[in-house]
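If you want the building blocks of each chain, they are given just below.
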Amino acid sequence: MRIRHRGFEPVVDESAYVAPNATLVGQVRVGPRARVMYGAVLDAEDGAIEVGECSIICENAVLRGGVSLGDHVFVGPRATLLGCRVERCAYLATGVTILQEAEIGAGGVVAIGAAVHARSRLGREEFLAPYMVRVGDEAFAPGDPGLPEAIKALGFARVAFGVDAEWADRIRRYERIAEVRSAQFAAHAGDEVLP
């Protein structure tokens, strides 16, 4: 399904393949020989999504906001990419998460279930092991007691949603985040499904 959003409609190179139940919303460009598989959602929102040549986006992956994929990037099933940049020949395995303003260098590998947090970077040909969380330049194992403090230092709510709220005041922070996302998603009320 292709949807016009905020006056932009997806552009798909004639040599690319987009599965019939994949959804492309707004300013999305799918490059030559790229493949967008079943159930994938590419929603540009108020940014743009660029899918490079011969890049593969597998089943049920979600790309949202300003996402840039270089050429020959593999995005595994159920991956989530939000407002990030992925350089050429990177491999993002099943169930990975790459958050706002994160960067994956050329040939970088994010293994099964791993995450690269906001404003973090995985270098050229660097490997992030399964289920690890990259915050800044450091990788944390799930449950590492230093992980919450590292995320706090990033100011994630500010980066992702423009929300400044005390770390310990989760109710107020998440209330404000929901308000921001509700307003952003309201822009979809004017979307138009294209023939």
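Scroll up a little and you will see the structure.
## Notes on the overall build of the chain
At step 1: Of regular secondary structure, the chain possesses 3 helices and 24 strands.
At step 2: The C-alpha atoms of the chain give a radius of gyration of 17 Å, which matches the 16 Å a tight globule of 195 residues would have.
At step 3: For the chain, the C-alpha atoms occupy an extent of roughly 50 × 40 × 20 Å along the three principal directions.
At step 4: Per-residue burial for the chain yields a buried fraction of 44% across its 195 residues.
At step 5: For the chain, the exposed area adds up to about 9500 Å²; of that, 53% sits on carbon and sulfur atoms.
At step 6: Taking the average location of the 21 positive side-chain charges in the chain and that of its 26 negative ones, the two points are 1 Å from each other.

## Quick look at the sheet that holds strand β7 (residues 41-43)
At step 1: With mixed pairing, 10 strands are arranged side by side in an open sheet as β23-β22-β19-β16-β13-β10-β7-β4-β1-β24. A strand with exactly one partner marks an edge of an open sheet, and here the two such strands are β23 (138-140) and β24 (192-193).
At step 2: As defined by bridge partners, strand β10 (residues 62-64) adjoins strand β13 (residues 80-82) across 3 bridges and the pair is classed as parallel. By the bridge assignment, Arg-64 is partnered in β13 with Leu-82.
At step 3: Here helix α1 (residues 147-154) sits on the sheet in contact with β22 (133-135) and β23, set at roughly 45° to β22.

## What to know about the nonpolar core
At step 1: Counting residues in hydrophobic clusters, the biggest one holds 38 residues, and the most contacted among them are Leu-42, Ile-57, Leu-69, Leu-81, Ile-98 and Val-110.
At step 2: For this core, the secondary structure elements donating two or more residues are β5 (28-30), β8 (49-51) and β11 (67-69).
At step 3: What Leu-81 contacts, discounting residues up to four positions off in sequence, is Val-62, Leu-63, Arg-64, Val-67, Leu-69, Val-75, Val-86, Leu-92 and Ile-98.
At step 4: In terms of nonpolar packing, the next biggest core, distinct from the first, is built from 8 residues, Val-135, Leu-147, Ile-151 and Leu-154 among them.

## Concerning the packing of aromatic side chains
At step 1: Enumeration according to the criterion identifies 2 aromatic pairs in this entry.
At step 2: When the ring of Phe-74 is compared with that of Tyr-91, the centres are 4.9 Å apart and the planes differ by 5°; the resulting orientation is stacked. Residue Phe-74 is located in strand β12 (residues 74-75), and its partner Tyr-91 is located in strand β15 (residues 91-92); the two are separated by 17 residues in the primary sequence.
At step 3: Judged by relative accessible area, Phe-74 falls into the partly exposed class, the value being 24%.
At step 4: On the basis of relative accessibility, which here comes to 39%, the residue Tyr-91 falls in the partly exposed class.

## Details of the sheet that holds strand β14 (residues 85-86)
At step 1: The strand order β2-β5-β8-β11-β14-β17-β20 describes an open sheet built from 7 strands, whose pairing is parallel. Two strands close off the open sheet at either side, each with one partner strand: β2 (11-12) and β20 (121-122).
At step 2: Bridge count for β8 against β11 is 3 bridges, and the pairing is parallel. Within the sheet, the bridge partner assigned to Ile-49 lies in β11 and is Val-67.

## Things to note about unusual backbone geometry
At step 1: Positive phi values are uncommon outside glycine, yet Glu-45 reaches one of about 50°.
At step 2: Positionally, Glu-45 belongs in the loop between β7 and β8.

## Focus: the side chain of Ser-55
At step 1: Its location among the elements puts Ser-55 in the loop between β8 and β9 (56-57).
At step 2: For Ser-55, the side chain forms a polar contact with the main-chain nitrogen of Val-73, separated by 3.0 Å.

Conventions used here
Residues numbered from 1 in each chain as written. Predicted model: local features only at pLDDT ≥ 70, side-chain atom pairs only at ≥ 80, totals over all residues. Heavy atoms only, no water. Helix = DSSP H or I, 4+ residues; strand = E, 2+ residues; numbered from the N terminus. Rg over C-alpha atoms; globule rule 2.2 N^0.38 Å. Buried < 20%, exposed > 50% of the residue type's maximum accessible area, 1.4 Å probe, protein only. Areas by Shrake-Rupley, 256 points an atom, 1.4 Å probe, with all protein chains shown as cover. Lys, Arg positive; Asp, Glu negative; His and termini not counted. Charge placed at Lys NZ, Arg CZ, Asp CG, Glu CD. Pairing = 2+ DSSP bridges. Contact = heavy atoms within 4.5 Å. Axes fitted to C-alpha atoms, helices over the stretch in contact; angles between N-to-C directions. Core = buried A, V, L, I, M, F, W, Y, C linked by side-chain atoms within 4.5 Å. Phe/Tyr/Trp six-rings, centres within 6.5 Å; stacked < 30°, edge-to-face > 60°. Polar contact = N/O pair within 3.5 Å; in protein donor to acceptor, adjacent residues only side chain to side chain.

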